[in-house]
Amino acid sequence: INAEYMGTTRSPFVYVDRCKHLLHEGLPEVELVGVAAAINSVASCVEILKSKKLVEVVKIHTSLAKMDGQQQTALPKFQVVMKKAPEFDAVYAEFLKEKAAKDAEKEAEKAEETTK
């Protein structure tokens, strides 16, 4: 299992794309982990992937993570293990097709601007 530790500074869509890529590359499962304020980001990312029919949730685990600092603190930790949904390959192929079309459109716009 490849564990992706999420933070609060990046958009959940960064992690959505990372999970899609990892599953497409052949990993059987991907785990998202968030501590404290990042728990909302994990939940958002999982829901985005589920709503697009890309993943199925295999396991959800909550715990308290020990953080060493001036005083030892326990922070809430949220872990979600996901696997490819049966529709993953078809949905991902459609995503790649749309992305290629957008990239071609951008290239055409750039070419048009340089000829002006």
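Look above for the structure.
Everything numeric here is computed off the predicted structure, so don't read it as measured data. (Residues numbered from 1 in each chain as written. Predicted model: local features only at pLDDT ≥ 70, side-chain atom pairs only at ≥ 80, totals over all residues. Heavy atoms only, no water.)

### Comments concerning the sheet that holds strand β3 (residues 55–67)
Heads up, the condition is: In this description, strands pair whenever DSSP reports at least two bridges between them. Secondary structure elements are taken from DSSP: a helix is a run of H or I of four residues or more, a strand is a run of E of two residues or more, and numbering for both begins at the N terminus. Axes here refer to lines fitted to C-alpha atoms; in helices the fit is confined to the stretch in contact. Angles between the N-to-C directions go from 0 to 180 degrees.
Read across the sheet, four strands follow the order β1-β2-β4-β3 without closing on themselves; strand pairing throughout is mixed. Whereas interior strands pair on both sides, the edge strands pair on one side only; in this sheet they are β1 (2–6) and β3. If you compare each strand with its neighbour and ignore which way they point, the axes differ by 20° on average. The sheet contact formed by β1 and strand β2 (residues 29–35) spans five bridges and is parallel. When the sheet's bridge partners are listed, A3 is paired in β2 with E31.

### Remarks on the environment of N2
We apply this condition: The contact criterion used is simple: two residues touch if any of their non-hydrogen atoms lie within 4.5 Å.
Along the chain, N2 falls in strand β1. Not counting residues within four places of it along the chain, the set of residues in contact with N2 comprises R18, L22, L27, E29, V30 and E31.

### Here we look at helix α1 (residues 12–24)
This is how the line gets drawn: One less than the number of residues in a helix, times 1.5 Å, gives the span that helix is expected to have.
For α1, spanning 13 residues, the distance from its first C-alpha to its last is 18 Å, which sits close to the expected 18 Å at 1.5 Å a residue. Buried residues belonging to α1 abut β1, β2, α2 (39–51), β3, β4 (73–84) and α3 (88–115). G26 sits one or two residues past α1 and shows a positive phi near 115°.

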